[in-house]
Amino acid sequence: MIKRLLSRYQNLLIVLGLILTLGLAACGEPTPIPATAVPTKANTIPATIAPATNTVAVTATPVVIATAAPTVTRIPTTTTVPATTAVPVTTPAAVQNAPGEVLAFSAENAYNHVKVLASDIGIRLAGSENQKKAADYISKQFETFGLKATFQDSTFLLRVEKGSNLTVSGENTSAKVTLIYVGSGEPGQTNAELAYIAGDLAESDNFSGKVMLIQASNRSLSQIIQKIAAMPESSRPVALLIIPTQAEPLLPPNLRVAALPIAYIEQAAGQKLIERAGNETLKVTLNLKFDKSNAVIRNVIGTRPAAGNNPNAPVIIIGGHYDSVPAGPGANDNGSGTGITIELARVLTKAYPDVEFRFIAFDGEELGLIGSQYYVKQLSVAEKSRIQAMFNLDMVTTGQTLTVAGSKNLADIARTVVVNQGYRDTEIRTSTASDGSSDHASFAQANIPVLFFNRQSDPNYHRSSDTIDKFTSKPLEQVAQIMQATLKQLLSRG
Ligand code: BES
Ligand code: ZN
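Since we're looking at a predicted model, the values are computed, not measured.

Topic: the overall build of the protein
1) Next: From N to C terminus, the protein includes 12 helices and 19 strands.
2) Next: A total of 494 residues make up the protein; the buried ones form 57% of that total.
3) Next: Taken as a whole, the protein presents about 19,500 Å² of accessible surface, with 53% of it coming from carbon and sulfur.

Laid out in structure tokens, this is it:
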């Protein structure tokens, strides 16, 4: 039934998805909700889990608008995470972390987890009921492996679109606009002159007080947004309107860098505006309409304590986000990383007994790394210093090259692993800007060593077509192999 509804309203969802895609809203600080142990099997039937109030239900099709996420800091382009910033490991030098019992990784198991998340459950928008179902599924897997499963909840303010539009002076008609980013702005009207830009942006351009109109065709929206962000504040436009070229336009990454409302405008209306703007000065009124609502952001944590519950044992975190954008079921982004995380939790349940493992499925990544930011924020200094490595698995199945990027010490180990295992399609890097687009960035920011596994260039990225039929279990295997070998070397260094 839900599937039927989803396919029936697919186009609508796509448009709505757009809005969310890059950015649901980060507005204000997440509010802590005490971590709760996952209810025992006896009382975990999904129906007993009270729906979080004010969550955004995907089928209710509210449009959630990206808002400023001031707490999210990307790793700056030129910054690598130097080895010297790594927090000293608390393991006494003499202690070797014996591998213990490491089970064989089954790519098929991992793939089946992806199936459950992306095909059975589907779109997992943070705060939605589907997301809670996914959280239940993941926590039950952790429990099955004998791990302690906990939910770590916080609330987060989302902005939900209510039918924004654009009117042109002297006209009675209004064009539907789909807000995809709203910064920290409030609903309201902006009256401004329209400036249509056909070519490139020059640094000296001044759009002060204007609404900028551009066509998405043949240009990098991401670059345009970055150029706007680089302009002095005094010459930035008051809003950016984008005419999409495809039925399902891709949401540009990095929306947040330009602190201004960004919206798609209906194609026909947009074309008409271009024609008219060629002949006259157009005054437009952009009506931004949205509601604010709270969403529960739920990280799912599976803990495998060290022997004797040693509270000072070194900690290894393995994880990835399990929320998706509203446009699609996020099979690759990031069912893939979540599936591997769950299977690794099984494989490592009895491994390296001197180490504490935390397997974490992060929520709210697509809203601006909300879950991982919150997780890191609540760690004490002592807790942070126990973490030897955070392995982030995000979007690992499609594209030519597997990129493994992160802190120098971990990247160096991964490099030797890749050479030894003979993977030709794998590139190792220390962190760069493009590596700041997922949950490891929250840890790197706190000087915790990170290693990020991802594959670039997914044509289905953030689309409804990000489905499981686009990949096999093979790439899941490769990622797990490299990660496990890196882990082994890291832990056997003594
Ligand atoms: N999985 C992506 C990041 C990614 C994109 C990895 C392309 C590999 C290739 C992630 O879920 C994402 O979309 N991140 C956002 C940033 C986030 C803070 C909203 C991005 O990159 O814009
Ligand atoms: Zn992702």
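There is more to say after this.
As for the nonpolar core
1) Next: Within the largest apolar cluster, 61 residues are counted, with the highest numbers of intra-cluster contacts made by Ile316, Ile318, Leu344, Leu348 and Phe453.
2) Next: In terms of residue count, helix H12 (residues 474-491) provides more of this core than any other element does, nine residues in total.
3) Next: Filtering out sequence-adjacent residues up to four positions away, phenylalanine 453 remains in contact with Phe391, Asn392, Leu393, Asp394, Val396, Thr403, Val404, Val479, Ile482 and Met483.
4) Next: Judged by nonpolar contacts, the second largest core, of 22 residues, contains Ile243, Ala263, Leu273 and Leu286.

Let's talk about the coordination of the zinc ion (ligand 2)
1) Next: Taken together, His321 (NE2), Asp333 (OD), Asp394 (OD) and Asp394 (OD) make up the full set of protein donors to the zinc ion (ligand 2), lying 1.9 to 2.6 Å away.
2) Next: Bound by six donor atoms, the zinc ion (ligand 2) shows angles of 52 to 165° at the metal and therefore irregular coordination geometry.
3) Next: Positions of the donor residues of the zinc ion (ligand 2) along the chain correspond to the pattern H-x11-D-x60-D. Taken as a pair, aspartate 333 in helix H7 (residues 331-347) and aspartate 394 in the loop between strand S16 (387-393) and strand S17 (402-406) lie far apart in primary sequence, 61 residues in all. Each member of the pair aspartate 333 and aspartate 394 is classed as buried.

With respect to the confidence of the model for the protein
1) Next: Within the protein, residue pLDDT values average 81, and 77% of them lie at 70 or more.
2) Next: Below pLDDT 50 for its whole length, residues 1-30 participates in 94 contacts with residues either more than four positions away or in separate chains.
3) Next: Within the model, pLDDT remains below 50 along residues 68-95, and this stretch shows 59 contacts once partners closer than five positions in the same chain are excluded.

Some points on unusual backbone geometry
Glycine aside, the phi torsion of most residues is negative, and most peptide linkages are trans.
1) Next: Note that the residue after aspartate 333, namely asparagine 334, is joined by a cis bond; omega there is 5°.
2) Next: You can see asparagine 334 is positioned in helix H7.
3) Next: Residues other than glycine seldom take positive phi values, yet asparagine 309 does so here, at roughly 55°.
4) Next: Checked against the element boundaries, asparagine 309 lands in the loop between strand S12 (290-304) and strand S13 (315-321).
5) Next: A positive phi angle, close to 65°, is found at methionine 395, a residue other than glycine.
6) Next: Here methionine 395 is to be found in the loop between S16 and S17.

What about helix H5 (residues 221-230)?
1) Next: Taken together, the buried positions of H5 are Leu221, Ser222, Ile224, Ile225 and Ile228. In an axial view of H5, the angular spread of the buried residues amounts to 165°, which keeps them on one side of the axis. In this structure, H5 carries Gln223 and Ala230 as exposed residues pointing more than 90 degrees from its buried face.
2) Next: Where H5 is buried, its residues contact strand S8 (210-215), strand S9 (239-243) and strand S10 (262-265).

A closer look at helix H10 (residues 408-421)
1) Next: The terminal C-alpha atoms of H10 lie 20 Å apart, and with 14 residues this matches the ideal 20 Å at 1.5 Å per residue to within 8%.
2) Next: For H10, the complete set of buried residues consists of Asn409, Leu410, Ala411, Ile413, Ala414, Val417 and Val418.
3) Next: At its buried positions, H10 is contacted by S16, S17, strand S18 (426-430), strand S19 (450-455) and H12.
4) Next: Of the residues trailing H10, glycine 422 is marked for its positive phi of about 70°.

Remarks on the sheet that holds strand S11 (residues 283-288)
1) Next: Pairing within the closed barrel is mixed, and its seven strands lie in the order S5-S6-S10-S9-S8-S7-S11. When strand polarity is set aside, the average angle formed by the axes of neighbouring strands in this sheet is 35°.
2) Next: Of the strands in this sheet, strand S5 (165-168), strand S6 (174-181), strand S7 (188-196), S8, S9 and S10 touch helix H6 (residues 267-279), which is tilted by about 115° from S8.

Some points on the packing of helix H4 (residues 129-144) against H7
1) Next: Where H4 meets H7, the axes come as close as 9 Å, and the angle between the chain directions of the two elements is 20°. The angle between the axes of H4 and H7 places the two elements in the roughly parallel class. Relative to H7, the crossing made by H4 is right-handed. Along the contact surface, H4 presents Tyr137, Ile138, Gln141 and Phe142, while H7 presents Thr338, Ile342 and Ala345.
2) Next: Partitioned by chemical class, the residues of the contact of H4 with H7 number five nonpolar, two polar and no charged.

Quick notes on the rules
Residues numbered from 1 in each chain as written. Chains lettered and ligands numbered in written order. Predicted model: local features only at pLDDT ≥ 70, side-chain atom pairs only at ≥ 80, totals over all residues. Heavy atoms only, no water. Helix = DSSP H or I, 4+ residues; strand = E, 2+ residues; numbered from the N terminus. Buried < 20%, exposed > 50% of the residue type's maximum accessible area, 1.4 Å probe, protein only. Areas by Shrake-Rupley, 256 points an atom, 1.4 Å probe, with all protein chains shown as cover. Core = buried A, V, L, I, M, F, W, Y, C linked by side-chain atoms within 4.5 Å. Contact = heavy atoms within 4.5 Å. Donors = N, O, S within 2.8 Å, 3.2 Å for Na, K, Ca; no water. Tetrahedral: all angles 85-135°; square planar, octahedral: opposite > 155°, others 65-115°. pLDDT = per-residue confidence, 0-100. Arc of directions from axis to C-beta. Expected span 1.5 Å × (residues − 1). Pairing = 2+ DSSP bridges. Axes fitted to C-alpha atoms, helices over the stretch in contact; angles between N-to-C directions. Parallel < 35°, antiparallel > 145°, perpendicular 65-115°, else oblique. Left-handed = near helix turned anticlockwise from the far one by under 90°. Nonpolar A, V, L, I, M, F, W, Y, C, P; charged D, E, K, R; others polar.

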